[in-house]
Number of protein chains: 2
Amino acid sequence: MPASKSTRMESTTNTRSQILDIAQDLIQRNGVNAMSYADISKAVGIRKASIHYYFPSKEDLVIDLLDRYNEQFYCLLDEIMASPESPKVKLNNYFGLFEETLSSGEQDKACLCGILTAELKTLSTPIVERVTKFYRHNEEYLEQILQSGLETGDFAFAGNPQTMARLIFSLMEGDLLIARADGGVARIQSTIQQMMALIKS
Amino acid sequence: MPASKSTRMESTTNTRSQILDIAQDLIQRNGVNAMSYADISKAVGIRKASIHYYFPSKEDLVIDLLDRYNEQFYCLLDEIMASPESPKVKLNNYFGLFEETLSSGEQDKACLCGILTAELKTLSTPIVERVTKFYRHNEEYLEQILQSGLETGDFAFAGNPQTMARLIFSLMEGDLLIARADGGVARIQSTIQQMMALIKS
DNA sequence: GTCTATATAGAGATAGAC
DNA sequence: GTCTATCTCTATATAGAC
């Protein structure tokens, strides 16, 4: 029973997840509208038509990709929230997620949902909903960290945690996009440090 | 002499600037890679081939568009800098440029260079240089405003004005992109207000 | 300057053999 | 599951008439 399940997983999931990996990589670099089945085909070593076997349409592919990406990201957020660290450390760990995105690979990848945000007006409703959900989830978690930091005395700032959470999320998405083009990891690191300085008590 | 010049301007520049207007609009909505000569053709009421008369290649069009856009934006920045207002008011006027971008038209336009940033890895060097120049210019002006605000006592914040300028620019670009997708003008307004609160003395 | 017509390449997608 | 072959549509771009 575990064997048959594992076999099924390998034969059906391997190529499939490989396609998703490559697609994600290409979108984080070039955007959805500059990513094609031909690009994936070359990188995976499979024919274009075979990709349609797993993902009948490009929209299917992007939807499945976003579901996988969001689930993974939410897991990382949960880990941060569940840790016994102080709010200050939690926030730093949150910032680390964005820094790692840029510092990985050839240092030319931005946040998947950040890239899609720029192309959002060309995308279908199911995709837009998933990107929006990503914002909301991030902002809710950030708000919790900020709120508990105000209570412990880790943080001190004017205004309310919700507005601050939105500001910080916008900042990280924007800085990740810009740092990728100009400034690199050094820029995002100094931005993070500056943001911490602005809200530390 | 002024008459002939004016005639020449009307006959050669009118259609040309109309094309640039539409192209800018389309890019700020959908991105470069989702904008085509066919789209411009429909909106301007001219055939695709005629656009090639003014802009032989799409790259030519985008380069000329960025030159025009940057020049216009730098003029607005100069106006703000030259005014006798306080640093606090100048910064608010700067923020206003971003708020106006979103609140204009159907409320679905982001910053031209912000959109191009997401697609930057698919663009040629001459275009990348112009987008990067836009960042630098904005950040330099912001740094000046912040510096003079520290001197007058309008502002008080940890860290140096350069890092703060970069943070604020990243914030505005990011928030404009996200607000367009979720939150609208209300979001960008509360982000601006929150940012002001963080650096006011 | 603007048009029609066309070249060429690439996109997403389907049918059917193996 | 992966292939070849093909369809349809759209993209950028050019040639040449008016």
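Now for a quick tour of the structure. (Residues numbered from 1 in each chain as written. Chains lettered and ligands numbered in written order. Predicted model: local features only at pLDDT ≥ 70, side-chain atom pairs only at ≥ 80, totals over all residues. Heavy atoms only, no water.)

With that settled, consider the relation of the copies chain B and chain A. Mapping chain B onto chain A calls for a screw motion: a turn of 180° about the axis and a shift of 0.0 Å along it, with 0.0 Å RMSD after fitting. Between the two chains, the operation in question is that of a two-fold axis. When the interface residues of chain B are mapped onto chain A, 100% of them are again interface residues, pointing to one common binding face. (Least-squares fit on C-alpha atoms with pLDDT ≥ 70 in both. Contact = heavy atoms within 4.5 Å.)

Our focus in this paragraph is the nonpolar core. Met195 of chain A together with Met195 of chain B are the most contacted members of the largest nonpolar core, which totals 135 residues. If sequence neighbours within four positions are ignored, Met195 of chain B has contacts with Leu167 and Leu198 of chain A together with Phe95, Met164, Leu167, Ile168 and Leu171 of chain B. (Core = buried A, V, L, I, M, F, W, Y, C linked by side-chain atoms within 4.5 Å. Buried < 20%, exposed > 50% of the residue type's maximum accessible area, 1.4 Å probe, protein only.)

All names here are of chain A. With respect to the secondary-structure elements, Lys88 resides in helix α5 (residues 87-103). Through-space distance from the C-alpha of Lys88 to that of Asp64 is 34 Å; in sequence the pair is 24 residues apart. Beyond its immediate chain neighbours, meaning those up to four positions away, Lys88 contacts Asp154, Phe155, Met196 and Lys200. (Helix = DSSP H or I, 4+ residues; strand = E, 2+ residues; numbered from the N terminus.)

Glancing now at the pattern of salt bridges. All names here are of chain B. Going through the model one piece at a time under the given rule, you end up with 20 salt bridges over all chains. The closest approach of N and O atoms between Asp21 and Arg68, which form a salt bridge, is 2.9 Å. Taken as a pair, Asp21 in helix α1 (residues 2-30) and Arg68 in helix α4 (residues 58-82) lie far apart in primary sequence, 47 residues in all. Residue Arg68 is classed as buried on the basis of its relative accessible area, which comes to 19%. As a salt-bridge pair, Arg29 and Asp108 come within 2.3 Å of each other at their nearest N and O atoms. Of this pair, Arg29 sits in helix α1 while Asp108 is found in the loop between α5 (87-103) and α6 (112-118), placing the two residues 79 residues apart along the sequence. Accessibility classification places Arg29 together with Asp108 in one group, the buried group. (Salt bridge = Lys/Arg side-chain N within 4 Å of Asp/Glu carboxyl O.)

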